[in-house]
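Residues per chain, in single letters:
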Amino acid sequence: MNKTIKSRRNFISKMLVAGVSGATLLSTSAYAGGRNNAKATSTVLTEEQKDTLFYIYQEEKLARDTYIKLGKVYPDESTFAYIQLSEQRHIDSARELCVKYGVDISQVDEDAVGEFELPILQEHYDTFMIEGDHSLLDALKVGEHIEVMDIDDLETAAVGMPSDVANVYNELKEGSLNHLEAFEAAISRA
Amino acid sequence: MLQPKDIIGVYYDALYSGDLETVKSLMTEVSYFMTLESFGLRLSFRDAAFKTLLEKVQEDGVALKKVEELLSKDMLSREYTPNIEIQNIEDNGDKRQTINYTEDEKPKKLYFSKEENGWKINYYAGRKVA
């Protein structure tokens, strides 16, 4: 696990000790940065950077779809329902970046839950369903895995990006860190 | 030079026969590591040691070789031979193509970019470029 995740956990621990509730952190911090740091500037992206925007957009759908399905398998576990709403906002943010930079996303069907035309994303989703179906604990561990994966990918994707894109990816990463905390808390309860 | 539409069949045959050396030859390096991560996920959930190895494949050649060995056996054990039918080819510029096809009647696509050593599967090449 990388240093960023560890330092973030230390930060959250300190906030909790100081009396800020986890629920408050979960509901506000992921998007507060966007409002405060939003810049009206945009720049020209390289083709490679546009490719990254497109892939991250497709990948964000993977998390949302997984939580939608696992939420139906385990309706008494509210973590999935809660985080799937947040993941929809992640998709919205990633989509907005694509639109802003002229990346054509018309071939991605956001409404087709659990269906991915790219084989590696379908394989990920299918595996998450197989594992998550075993037990609630396994399903929560799937959530934990997804969030760690997203954090790593967003960190990598943000490198070298202009500030507006990097800011959005950092906000999404903060959201994923919050999701990770929520899944870890749920795992400890399960 | 193999064309993207011809690579699709070779890719599926190689992947599900555990021939990862061929799979590697059909892809960009980044896409190959993404393939290992994706198709290695099932083993990763079942085997903590494999998961640790998988996390190190990009910087550790020994870990890469072990992951390829174990994943090769796993892919073969799936005994999956999908029916692949090419639907259409989209040119996304001089050096990119998207192949739309069905895998057991489910719509799928793979992106390709033209590299120095031929057409390669490239998961990042899904956009049209001028």
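Procedures and definitions
Residues numbered from 1 in each chain as written. Chains lettered and ligands numbered in written order. Predicted model: local features only at pLDDT ≥ 70, side-chain atom pairs only at ≥ 80, totals over all residues. Helix = DSSP H or I, 4+ residues; strand = E, 2+ residues; numbered from the N terminus. Rg over C-alpha atoms; globule rule 2.2 N^0.38 Å. Contact = placed C-beta atoms within 7 Å. Buried ≥ 20, exposed ≤ 12 C-beta atoms within 10 Å, placed from the backbone. Nonpolar A, V, L, I, M, F, W, Y, C, P; charged D, E, K, R; others polar. Pairing = 2+ DSSP bridges. Axes fitted to C-alpha atoms, helices over the stretch in contact; angles between N-to-C directions. Domains from an automatic or database assignment. Parallel < 35°, antiparallel > 145°, perpendicular 65-115°, else oblique. Left-handed = near helix turned anticlockwise from the far one by under 90°. pLDDT = per-residue confidence, 0-100.

**Overview of the overall build of chain B**
Here is step 1 of the chain: The helix and strand tally for chain B stands at six helices and four strands.
Here is step 2 of the chain: In chain B, the order of α-helices and β-strands from amino to carboxyl end is α-α-α-α-α-α-β-β-β-β.
Here is step 3 of the chain: The C-alpha radius of gyration of chain B comes to 15 Å, within 12% of the 14 Å expected for a compact globule of 130 residues.
Here is step 4 of the chain: Within chain B, counting contacts between residues at least 6 apart in sequence, those at least 24 apart form 48% of the total.

**Here we look at the overall build of chain A**
Here is step 1 of the chain: Counting secondary structure elements, chain A contains seven helices and zero strands.
Here is step 2 of the chain: Secondary structure elements in chain A, listed N-terminal to C-terminal, are α-α-α-α-α-α-α.
Here is step 3 of the chain: Residues counted as buried form 38% of the 190 residues belonging to chain A.
Here is step 4 of the chain: Nonlocal contacts in chain A, meaning residues at least 24 apart in sequence, comprise 77% of its contacts between residues at least 6 apart.

**Some details on the interface of chain A and chain B**
Here is step 1 of the chain: Taken together, the contact between chain A and chain B spans 16 residues of the former and 18 residues of the latter.
Here is step 2 of the chain: A breakdown of the residues in the side of chain A that touches chain B according to their chemical character gives six nonpolar, three polar and seven charged.

**A look at the sheet that holds strand 4 (residues 118-121) of chain B**
All names here are of chain B.
Here is step 1 of the chain: Spatially, the four strands line up as an open sheet ordered 1-2-3-4, and their pairing is antiparallel. Both outer strands of the open sheet, strand 1 (84-91) and strand 4, are each paired with one neighbouring strand and no more. Neighbouring strand axes in the sheet, compared pairwise and without regard to direction, differ in orientation by 30 degrees on average.
Here is step 2 of the chain: Together, strand 1, strand 2 (96-103), strand 3 (106-115) and strand 4 form the strand contacts of helix 1 (residues 4-16), whose direction differs from that of strand 1 by roughly 145 degrees.

**Quick word on unusual backbone geometry**
Trans is the common state for peptide bonds, and a negative phi is the common state for residues other than glycine.
All names here are of chain B.
Here is step 1 of the chain: Positive phi outside glycine occurs at Glu79, with the angle close to 50 degrees.
Here is step 2 of the chain: Counting through the fold element by element, Glu79 comes out in the loop between helix 6 (61-77) and strand 1.
Here is step 3 of the chain: Residue classification places Glu79 among the exposed residues on the basis of 7 C-beta atoms within 10 Å.
Here is step 4 of the chain: Of note in this structure, Glu105 is not a glycine but carries a positive phi near 75 degrees.
Here is step 5 of the chain: On the secondary structure map, Glu105 appears in the loop between strand 2 and strand 3.

**Description of the domain arrangement of chain B**
Residue and element names in this part refer to chain B.
Here is step 1 of the chain: With domains assigned, chain B is organised as domain 1 (4-77) and domain 2 (84-121).
Here is step 2 of the chain: Summarising the inter-unit geometry, the C-alpha centres of domain 1 and domain 2 are found 20 Å apart.
Here is step 3 of the chain: Of the residues forming the side of domain 1 that touches domain 2, the biggest block, seven residues, is contributed by helix 1.
Here is step 4 of the chain: Class assignment for the residues of the side of domain 1 that touches domain 2 results in seven nonpolar, three polar and one charged.

**Section: the environment of Leu118(A)**
Here is step 1 of the chain: With respect to the element layout, Leu118(A) can be found in the loop between helix 4 (78-100) and helix 5 (119-132).
Here is step 2 of the chain: Spatially, the C-alpha atoms of Leu118(A) and Tyr82(A) are 27 Å apart, while their sequence positions differ by 36 residues.

**What about the pairing of strand 4 of chain B?**
Residues and elements named next belong to chain B.
Here is step 1 of the chain: Relative to strand 4, strand 3 runs antiparallel, the two sharing four bridges. Opposite Glu115, over in strand 4, you have Gly118 as the bridge partner.
Here is step 2 of the chain: Taken together, strand 3 and the strand that follows it, strand 4, pair antiparallel across an intervening segment of two residues.

**What to know about the environment of Asn170(A)**
Here is step 1 of the chain: With respect to the helices, strands and loops of the structure, Asn170(A) is situated in helix 7 (residues 163-189).
Here is step 2 of the chain: Once the C-alpha coordinates of Asn170(A) and Ala158(A) are considered, the two residues, 12 residues apart in sequence, prove to be 7.4 Å apart.

**Overview of the packing of helix 6 (residues 136-158) of chain A against helix 7 of chain A**
Residue and element names in this part refer to chain A.
Here is step 1 of the chain: Their axes nearest at 9 Å, the elements helix 6 and helix 7 cross at an angle of 160 degrees. In terms of axis orientation, helix 6 runs roughly antiparallel to helix 7. Seen along the crossing, helix 6 lies across helix 7 with a hand that is left-handed.
Here is step 2 of the chain: Taken together, the residues of the contact of helix 6 with helix 7 break down into 15 nonpolar, four polar and seven charged.

**Focus on the packing of helix 4 of chain A against helix 7 of chain A**
Residues and elements named next belong to chain A.
Here is step 1 of the chain: Where helix 4 meets helix 7, the closest approach of the two axes is 11 Å, and the angle between their N-to-C directions is 170 degrees. If you check the angle between helix 4 and helix 7, you find them roughly antiparallel. In this structure, helix 4 contributes Thr79, Ile83, Ser86, His90, Ser93 and Leu97 to the contact, and helix 7 contributes Val165, Val168, Leu172, Gly175, His179, Ala182, Phe183 and Ala186.
Here is step 2 of the chain: Looking at the contact of helix 4 with helix 7 residue by residue, the classes come out as eight nonpolar, six polar and no charged.

**Topic: the confidence of the model for chain A**
Here is step 1 of the chain: On average, chain A scores 83 in pLDDT, and the residues at 70 or more come to 78%.
Here is step 2 of the chain: Low pLDDT (under 50) marks residues 1-40 of chain A, which in the prediction has 32 contacts with non-local residues, meaning those over four places away or in another chain.

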